[in-house]
Amino acid sequence: MAVLIRRCLLLGSLLTVALLAEAADWLLPLSGRQQYAVQINARGAELTGICIIKTDSVGESRGAIVNEFGIHAMDFTLSADRRKVKLQNVMPQMDRWYIRRIVRGDLKALFNETRGTGCEVRGRRQVTVEEDGTVVLTNTKYKLRYSFKQIDDTER
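Residue positions are given per chain, counted from 1 along the sequence in the order it is written. Where local features are concerned, this predicted model is filtered to residues with pLDDT of at least 70; where side-chain atom pairs are given and counted, the filter is 80 or more; whole-chain, interface and lining totals use all residues. Just so you know, side-chain values use all the structure's heavy atoms and leave hydrogens and water out.

J.: Got a minute to help me understand the overall build of the protein in this structure?
T.: Secondary structure follows DSSP: runs of H or I at least 4 residues long count as helices, runs of E at least 2 residues long count as strands, and numbering of each begins at the N terminus. Of regular secondary structure, the protein possesses 2 helices and 9 strands. Sorting the 156 residues of the protein into buried and exposed places 35% on the buried side. Contacts between residues were defined by any pair of non-hydrogen atoms, one from each residue, lying within 4.5 Å. Within the protein, contacts between residues at least 6 apart in sequence are counted, and of these 34% link residues at least 24 apart. Computed by Shrake-Rupley with a 1.4 Å probe, the accessible areas treat only the displayed protein chains as cover when residues are assessed. Looking at the protein as shown, the accessible area adds up to about 10,200 Å², and 56% of this sits on carbon and sulfur atoms. Between buried and exposed lies partly exposed: a residue is buried under 20% and exposed over 50% of the maximum accessible area for its type, with that area taken using a 1.4 Å probe on protein chains only.

Structural data, given as structure tokens:
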């Protein structure tokens, strides 16, 4: 009886590891240091710049979105399992509780996306991948559009 229980536990553990390995095929892979060209459109307003994300050895990621003039739009942290996003140092124009809540949810949906097939997440967020590799999240409820395109790191 004990042998059967051990075999079932071993099989369950192997299946869990296999599922986690399959689920980790993210649209925006985060390992080491990543750089993305960012464009955020919101009802006539536009923010363009870069997003730099650094992932530590534990798997937790820290990122910053900076506009073209070097002004911080926001900093954020992303947990290792990508389920929690915290916004920090948000620019004064966006530092409202309701705006932070929407942006936090959008970033969480964007970094959790694995398919990029255009299917909607919770009925108001749609993630697609354009032909040039740009990952686009559209929040249809609030008319927000985030686009992330990886910057080639060959200039170093």
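Next comes the rest of the description.
J.: I tried to follow the pattern of salt bridges on my own but got confused; where do I start?
T.: Between side chains of opposite charge, a pair can form as their charged atoms come close. Just to be clear on terms, a salt bridge is a Lys or Arg side-chain nitrogen sitting within 4 Å of an Asp or Glu carboxyl oxygen. Per the counting criterion, the structure on display carries 5 salt bridges. Between Arg-62 and Glu-60 there is a salt bridge, with its nearest N and O atoms 3.7 Å apart. Judged by its relative accessible area of 32%, Glu-60 is partly exposed. A salt bridge links Arg-125 to Asp-106, with the nearest nitrogen and oxygen atoms 2.4 Å apart. Of the two residues, Arg-125 sits in strand β7 (residues 125-129) while Asp-106 sits in helix α2 (residues 97-112), which places them 19 residues apart along the sequence. Asp-106 shares its class with Arg-125; the two are buried.

J.: Whenever I open this one, α2 confuses me. Can you help?
T.: Residues spaced three or four apart along an α-helix face the same direction, because each turn holds 3.6 residues. Helix length check: α2 (16 residues) gives 22 Å between terminal C-alpha atoms against 22 Å at 1.5 Å per residue, within 8%. Along α2, the residues that are buried comprise Ile-102, Val-103, Gly-105, Asp-106, Leu-107, Ala-109, Leu-110 and Phe-111. Buried residues belonging to α2 abut β2 (45-55), β4 (72-78), β5 (85-88), β7, β8 (135-139) and β9 (144-150). Helix span, as expected, comes to 1.5 Å for every residue beyond the first.

J.: Looking at this structure, how should I read the confidence of the model for the protein?
T.: Detailed reading of the predicted coordinates is not advisable wherever pLDDT is low. A residue's pLDDT is simply how confident the predictor is in it, with values from 0 to 100. Residues at a pLDDT of 70 or more form 75% of the protein, whose mean pLDDT is 80. Low pLDDT (under 50) marks residues 8-23, which in the prediction has 1 contact with non-local residues, meaning those over four places away or in another chain.

J.: Explain the packing of aromatic side chains to me, please; I cannot follow it from the model alone.
T.: Pairing of aromatic rings covers Phe, Tyr and the six-membered ring of Trp, with a centre-to-centre limit of 6.5 Å; geometry is then stacked below 30 degrees between planes, edge-to-face above 60, and tilted otherwise. Counting across every chain of the model gives 4 aromatic pairs. Arranged with centres 6.1 Å apart and planes meeting at 70°, the rings of Tyr-36 and Phe-148 form a pair that is edge-to-face. Here Tyr-36, found in strand β1 (residues 33-42), pairs with Phe-148, found in strand β9; they are 112 residues apart in sequence, far enough to count as distant. Residue Phe-148 is classed as buried on the basis of its relative accessible area, which comes to 1%. Grouped by ring-pair contacts, the aromatic residues Tyr-36, Phe-76, Phe-111 and Phe-148 constitute a single cluster.

J.: It is not clear to me how the pairing of β4 should be interpreted in this structure. Could you clarify?
T.: Residues in a regular strand project their side chains so that they alternate between the two faces of the sheet. For β4, the tally of buried residues reaches 6 of 7 residues, placing the bulk of the element in the interior. As defined by bridge partners, strand β3 (residues 61-67) adjoins β4 across 6 bridges and the pair is classed as antiparallel. Each residue of the ladder has a partner; that of Arg-62, found in β4, is Thr-77. Two strands are counted as paired when DSSP detects at least two bridges linking them. The antiparallel pairing of β3 with β4 creates a hairpin that spans 4 residues between the two strands, and Gly-70 there sits at a positive phi of about 90°. As paired strands, β4 and β5 are joined by 4 bridges and run antiparallel to one another. The partner of Asp-75 across the bridge, within β5, is Gln-88. Here β4 hands over to β5 after 6 residues, with Arg-82 in that stretch at a positive phi of 65°.

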